[in-house]
Amino acid sequence: MKKCSRYRKARLFHITVWGLIVFLSIRLIIQCIQIFGAELNTDSRTPVENKLISSLCNYMMQSNIPIADYVINDGKDNKQNNFILNAMAGISPINRYVAENADSNHYIEEDHDSGVLANGDLKFSDEVYMAILNENKKKLLDDLNGTNEDSDMDSEAAMTNPQNLMPIDIINGDVYLEQGDTGNLILNESNNTKNKINAKETLGKINGQYFTLENLLNRSFLYNNFYITDGSTKVDDKMFDAKKLLGKDMTIKQKSEKPQILIYHTHSRETFIDSREGVEDDTIVGLGAYLTKVLTEKYGYNVIHDKTHYDIVDGKLDRNLAYNCAKPGIEKILEYNPSIEVVIDLHRDGVNSDAKRVSTINGKEVAQLMFFNGLSANSKGEKISYLDNPYTQDNLAFSLQLQLAGRELYPGLMYKNYLKAYRYNMHLRPKSLLVETGTQNNTLGEAKNAMDLLADILDQVLTGKQ
């Protein structure tokens, strides 16, 4: 009996240990899929190891893990101390650039001789990091173009090696480093370059730098600078022909005697950091009412604002079927008002952090806008048959044209367009738009300021001014 008891205890112990191992392994696999899944689905020409390190860096930055935020320049004698940091710096040259252009006064000194990156050790503040970028902007641009006489970067290598030449996007003080071909982005703004730019049709700027339709025709340039692709879907290059997307006529045809625009809210209970509980004016519905007022009174559009709470079921908040619940309600409004051409589902984004998306534009704090597109395609790029959308490319054209207008008119306003697998009721009209206004950490005032600008860029595209 003692022997059997001993066997039972040993068996229970082994079951427990192996159960724990299996559980932790599954957690690790899920975490890896979440971190690396979307990046591994991108351009197959990019080396896998670059995709992995890029995904890891982006994940760490977005998770506020300080190790990937900044890299301090190590002396030659200290490089062996920080193998991981040096590897990351090689993949993210902008960090090494900042480190090499900083002087010792920028460091938070402690008892260290080497540049170790960790909490409480040597590091830059956010303000210093951005200041170094701004102070050395011209030198950085010349280095990237290979036009700086003091630069040791070979110009031909710089234009062909994506690891040396990366598109840089700065959003709300965060520096996003993206793999891929730059599409020969014109960076140096000398007189000769301006003459070359004027010889082509420029479409706007990215971080102050001109880009043209030729740049947008390069898929890597387009994806890296204008889109975030969720791991649930995969982009089809055929759908992202910039010439076709920008060539689509998105002007409004219906005159204002009849309804032209519908604004509604699939998630009606979304609020902001300073919203008063139980006050509808402080929710996303109240924000929709404000946008309706601006579009009507300032721009003369005929707008219907649907205030239905599609995410309330039996008196309780339930977003699981909110899009299903919204569909018949929106269809009924469109049936009664066939003149409606533009359908806007206005949201407030939710993030798993304290971060908020805000820019200072014309002296005001403004919540950033993100346009959201459903591709009705899974992670393999296969169409989801039960979520058919005949207007997917029209939706993409509308959001891209608005994105470009927003970037040109109000630098800092636009977050990259987000691509996900499903449909989100965007099949109901060609000019359907899902807008995410800031996050739960933005103020209502910042969101309202964004609506003033959104109304303007809508008018620019709908009237063909842009």
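Thresholds, definitions, all that
- The numbers attached to residues start from 1 for each chain and follow its sequence in the written order.
- With pLDDT at 70 or above as the cut-off, local features in this predicted model cover only qualifying residues; side-chain atom pairs require 80 or more to be listed or tallied, and sums for whole chains, interfaces and linings still use all residues.
- Each side-chain value is derived from all of the structure's non-hydrogen atoms; neither hydrogens nor water enter the calculation.
- Interaxial angles span 0 to 180 degrees and are taken between N-to-C directions of axes, which are lines fitted to C-alpha atoms, for helices over the stretch in contact.
- Only runs of H or I of at least four residues qualify as helices and only runs of E of at least two qualify as strands under DSSP, and these elements are numbered from the N terminus.
- In this scheme, roughly parallel covers angles under 35 degrees and roughly antiparallel covers those over 145, while 65 to 115 is roughly perpendicular and the rest are oblique.
- In this scheme, a crossing is called left-handed if the near helix is turned counterclockwise away from the far one by less than a right angle; it is called right-handed if the turn is clockwise.
- We call two residues contacting when some pair of their heavy atoms lies within 4.5 Å.
- Under the scheme applied, nonpolar residues are Ala, Val, Leu, Ile, Met, Phe, Trp, Tyr, Cys and Pro; charged residues are Asp, Glu, Lys and Arg; polar residues are all the others, including Gly.
- One side-chain nitrogen of Lys or Arg within 4 Å of one carboxyl oxygen of Asp or Glu is enough to make a salt bridge.
- Buried means the residue's accessible area, taken with a 1.4 Å probe over protein chains only, is under 20% of the maximum for its type, while exposed means over 50%, and partly exposed covers the values in between.

Let us look at the packing of helix H12 (residues 284-297) against helix H15 (residues 444-462). Running from amino to carboxyl end, H12 crosses H15 at an angle of 40°, the nearest separation of the two axes being 9 Å. One finds that H12 runs oblique with respect to H15. Judged by the sense of rotation from one axis to the other, the crossing of H12 with H15 is right-handed. Between H12, through Leu-287, Tyr-290, Leu-291, Val-294 and Leu-295, and H15, the contact on the second element is made entirely by Ala-447, Lys-448, Met-451, Asp-452, Leu-454, Ala-455 and Leu-458. For the contact of H12 with H15, the class distribution of residues is ten nonpolar, no polar and two charged.

Throughout the structure, instances matching the rule amount to eight salt bridges. Linking Glu-446 and Lys-356 is a salt bridge whose minimum nitrogen-to-oxygen distance equals 2.9 Å. Placement of Glu-446 in helix H15 and of Lys-356 in the loop between strand S10 (342-349) and strand S11 (358-361) is noted, with a sequence separation of 90 residues between them. Taking relative accessible area as the criterion, Glu-446 reaches 6% and is therefore assigned buried. Lys-465 serves as the salt-bridge partner of Asp-459, at 3.1 Å between the closest nitrogen and oxygen.

The next point concerns the environment of Lys-293. Structurally, the position occupied by Lys-293 is in helix H12. Counting along the chain gives ten residues from Lys-293 to Val-303, while the straight-line C-alpha distance between them is 8.6 Å.

Look at Asp-314: it is not a glycine, yet its phi comes out positive at around 55°. Structurally, Asp-314 can be placed in the loop between strand S8 (312-313) and strand S9 (316-317). The exposure class of Asp-314 is exposed, given its relative accessible area of 78%.

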